[in-house]
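# Breakdown of the fold
Residue strings, one per chain:
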Amino acid sequence: MSVPTQLRTAAPVETRRLGWWPTIRPLVLRLHFYAGVLVAPFILVASVTGLLYTIAPQVEQIAYHDLTHVTPAGETVPLAEQVAAARSSHPDGEILRVDVPEAADRSTRVVFTDESVPADYAMSVFVNPYTAGVEGQVRSYGQWLGFRAWLDELHRNLHLGAFGRHYSELAASWLWVVALGGLMLWLGRRRRDRRLRRLVVPEREATGRSRAMSWHAVIGVWLLLGVLALSVSGLTWSRFAGANIGEVRTALSWTEPTPATSLESGAAATEHAHHGSSGAAGSEDPDAVFSEGAGIDGVLDAAREAGLGDPLYLVPPAEPGSAWTAAENKRDWPTRYDAISVDPKTGEMVDRVDFADWPLMAKLTDWVIGAHMGILFGVLNQLALAALALGLILATVLGYRMWWLRRPRDAHGPRFGRPAPRGAWRRLSWPALVALVATTAVVGWFVPMLGVTLIGFLVVDAAIGLARSRGRG
């Protein structure tokens, strides 16, 4: 019994002499190991699909050039006639949005609901603004067409629907943990060198596992900021953590404001209802709102008078007694999202919200998401994302190589390296342990996929430890 007593009394002295890092390092190392081995496949898949997605804008421009581009030929016909032409080629479904041509050689896009496409998708019909001739149609997801939408869904859920979204959320939930844990381990390993170069330049003279570790860590350092941005932005539209983030943003008024669309109540609303509303109940012609009253051309005129620029989209009233919405959608830099609501009867502006009035956090969220999607800075953004994806792929592969090289020297066949030593949490003081457990519980609740899988890791780890201890016994 004397040996354990000596260890218990000596540990605090050693901790005070060496600082907090020797105490916490085994725990960070074990967490980084398990996350790297078990979660890295999901990060690898997300990196590969993200790399493919970086070429999507150019593929979309080439594949759908005949739909999105036209030859200028004099004056354009009224938007109402173009919408009517789109309706004639797509008789079913509700019109969700009309995208105004942003250049003289672009076609008008009319977006319909369509039962033949997957959930959350729509059908985009393209119309020549000079002739009102329909150029064709293709299914779309948000702003993305066909192949680009397919790549986007591949990256989000591997075409497995709601279940597939778990993979991308798992990757985003653990990516920041793996990155920050790796940084802590690398800084702890290099703190005695006191040379910045050792942190950001790999050791070329190293061999074997040390060489793989050096490249793995240095790549991680260079990618750190980009990786954290990808993780945060990925979580914002994830299924579970995204809902929690949305609640926080709403509570703190960090959401994107939109112009009010509600018109007068009572008799005035009834009068507006007689002028039609897209998809509105009680309207004999759901498309009457595009031509009656101010019509869609009056809404476009109001948007131009209000100073709204291209790209511009027009959203019809959702129900009787509500207004049109005209909004800019310039997602590349400098971004522009000014929006107004317009009375469908008179064509007068009802409300206005400028991008300059957005809360700062709403702007930052939009910019980070735009950068994640590769659209904020155009081709430079795409190249940066491609480099980030390639770096993540290489770092992941090197991490697995380190695991392989750590296997016993006499191992033959598929035997891999040992994990970090067990029992690291026992070296923590009670206050540190309580703080760690509390922090983990809060983060795990806020990011559920992280919390659930972490519990799974702990259960598996405890089961393995129990089995090994019984085997020795």
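The structure reproduced in this document is the subject of the present report.

## Topic: the overall build of the protein chain
Across its full length, the protein chain carries 16 helices and nine strands. The buried share of the protein chain, reckoned over its 473 residues, is 45%. Contacts spanning at least 24 positions in sequence make up 61% of the contacts within the protein chain whose residues lie at least 6 apart. Roughly 25,200 Å² of accessible area belongs to the protein chain as shown, and the carbon and sulfur atoms make up 62% of that amount.

## Observations concerning the nonpolar core
With 38 residues, the main nonpolar core has Trp174 and Val227 as its most contacted residues. Of all the elements in the fold, those that place two or more residues in this core are helix H2 (21-53), helix H7 (161-190), helix H9 (208-236), helix H10 (241-251), helix H14 (378-405) and helix H16 (448-472). Sequence-distant contacts of Val227, defined by excluding residues within four places in its chain, comprise Leu175, Ala179, Leu388 and Leu392. If you look at the next biggest cluster of nonpolar residues, it comprises 26 residues, including Val127, Ile296, Ala306 and Leu308.

## Side note on helix H5 (residues 79-89)
Among the residues of H5, Leu79, Ala80, Gln82, Val83, Ala85, Ala86 and Arg87 are the ones counted as buried. Its buried side turned inward, H5 meets strand E1 (95-100), strand E2 (108-112), strand E3 (122-127), strand E4 (134-141), helix H12 (295-305) and strand E6 (312-315).

## As for the pairing of E1
Most of E1 sits inside the fold, with five of its six residues counted as buried. By the bridge criterion, three bridges tie E1 to E6 in an arrangement that is antiparallel. Across the sheet, the residue bridging to Asp99 is Tyr313, located in E6.

## Re the packing of aromatic side chains
Scanning the model with the defined rule gives 14 aromatic pairs in all. Ring plane angle 85° and centroid distance 5.3 Å describe the contact between Phe290 and Trp324, whose orientation is recorded as edge-to-face. Here Phe290 is found in the loop between helix H11 (267-273) and H12, whereas its partner Trp324 is found in strand E7 (residues 324-328), with 34 residues between them in sequence. Over the face of the ring belonging to Tyr313 we find Arg97, whose NZ or CZ atom lies 5.8 Å from the ring centre. For Lys363, the ring lying beneath its charged end belongs to Phe355, and the centroid distance is 5.4 Å.

## Focus on the pairing of E3
In terms of burial, E3 is a largely internal element, six of the six residues being buried. Residues of E3 alternate between two faces, with Ala122, Ser124 and Phe126 on one and Met123, Val125 and Val127 on the opposite face, all of them buried. By the bridge criterion, five bridges tie E2 to E3 in an arrangement that is antiparallel. In the strand pairing of E3, Val110 is matched with Val125.

## Some points on the pattern of salt bridges
When their charged atoms lie close together, side chains carrying opposite charge are able to pair. Going through the model one piece at a time under the given rule, you end up with 12 salt bridges. A salt bridge links Asp310 to Arg304, with the nearest nitrogen and oxygen atoms 2.8 Å apart. Residue Arg336 is joined to Glu328 by a salt bridge in which the shortest nitrogen-to-oxygen separation is 3.3 Å. By relative accessible area, which is 2% here, Glu328 ends up buried. What emerges from the salt-bridge pattern is a single network uniting Arg97, Asp99 and Arg109.

## Here we look at the sheet that holds E4
The antiparallel open sheet is built from nine strands, whose spatial order is E5-E4-E3-E2-E1-E6-E7-E8-E9. Two strands close off the open sheet at either side, each with one partner strand: strand E5 (144-145) and strand E9 (349-353). In this structure, E4 lies alongside E5, joined through two bridges in antiparallel fashion. Bridge pairing in E5 links Ser140 to Leu145.

## Overview of the packing of H2 against H7
At a minimum axis distance of 7 Å, the contact between H2 and H7 shows a crossing angle of 140°. When the interaxial angle is binned, H2 and H7 end up oblique. Between H2 and H7 lies a crossing of left-handed hand. When the residues that make up the contact of H2 with H7 are grouped by side-chain class, the tally is 19 nonpolar, five polar and one charged.

## Overview of unusual backbone geometry
Of all residues except glycine, most have a negative phi; of all peptide bonds, most are trans. The omega torsion across Asp310 and Pro311 is -5°, close enough to zero to call that bond cis. Within the secondary structure layout, Pro311 lies in the loop between H12 and E6. The step from Trp333 to Pro334 runs through a cis peptide bond, and the omega angle for that step is -5°. Inspection of the secondary structure assignment puts Pro334 in the loop between E7 and strand E8 (339-342). For His159, which is not a glycine, the phi torsion comes out positive at approximately 60°. Along the chain, the position of His159 falls in the loop between helix H6 (146-157) and H7. Look at Ser253: it is not a glycine, yet its phi comes out positive at around 60°.

About the criteria used
Residues numbered from 1 in each chain as written. Predicted model: local features only at pLDDT ≥ 70, side-chain atom pairs only at ≥ 80, totals over all residues. Heavy atoms only, no water. Helix = DSSP H or I, 4+ residues; strand = E, 2+ residues; numbered from the N terminus. Buried < 20%, exposed > 50% of the residue type's maximum accessible area, 1.4 Å probe, protein only. Contact = heavy atoms within 4.5 Å. Areas by Shrake-Rupley, 256 points an atom, 1.4 Å probe, with all protein chains shown as cover. Core = buried A, V, L, I, M, F, W, Y, C linked by side-chain atoms within 4.5 Å. Pairing = 2+ DSSP bridges. Phe/Tyr/Trp six-rings, centres within 6.5 Å; stacked < 30°, edge-to-face > 60°. Lys NZ or Arg CZ within 6 Å of the ring centre and 35° of its normal. Salt bridge = Lys/Arg side-chain N within 4 Å of Asp/Glu carboxyl O. Axes fitted to C-alpha atoms, helices over the stretch in contact; angles between N-to-C directions. Parallel < 35°, antiparallel > 145°, perpendicular 65-115°, else oblique. Left-handed = near helix turned anticlockwise from the far one by under 90°. Nonpolar A, V, L, I, M, F, W, Y, C, P; charged D, E, K, R; others polar.

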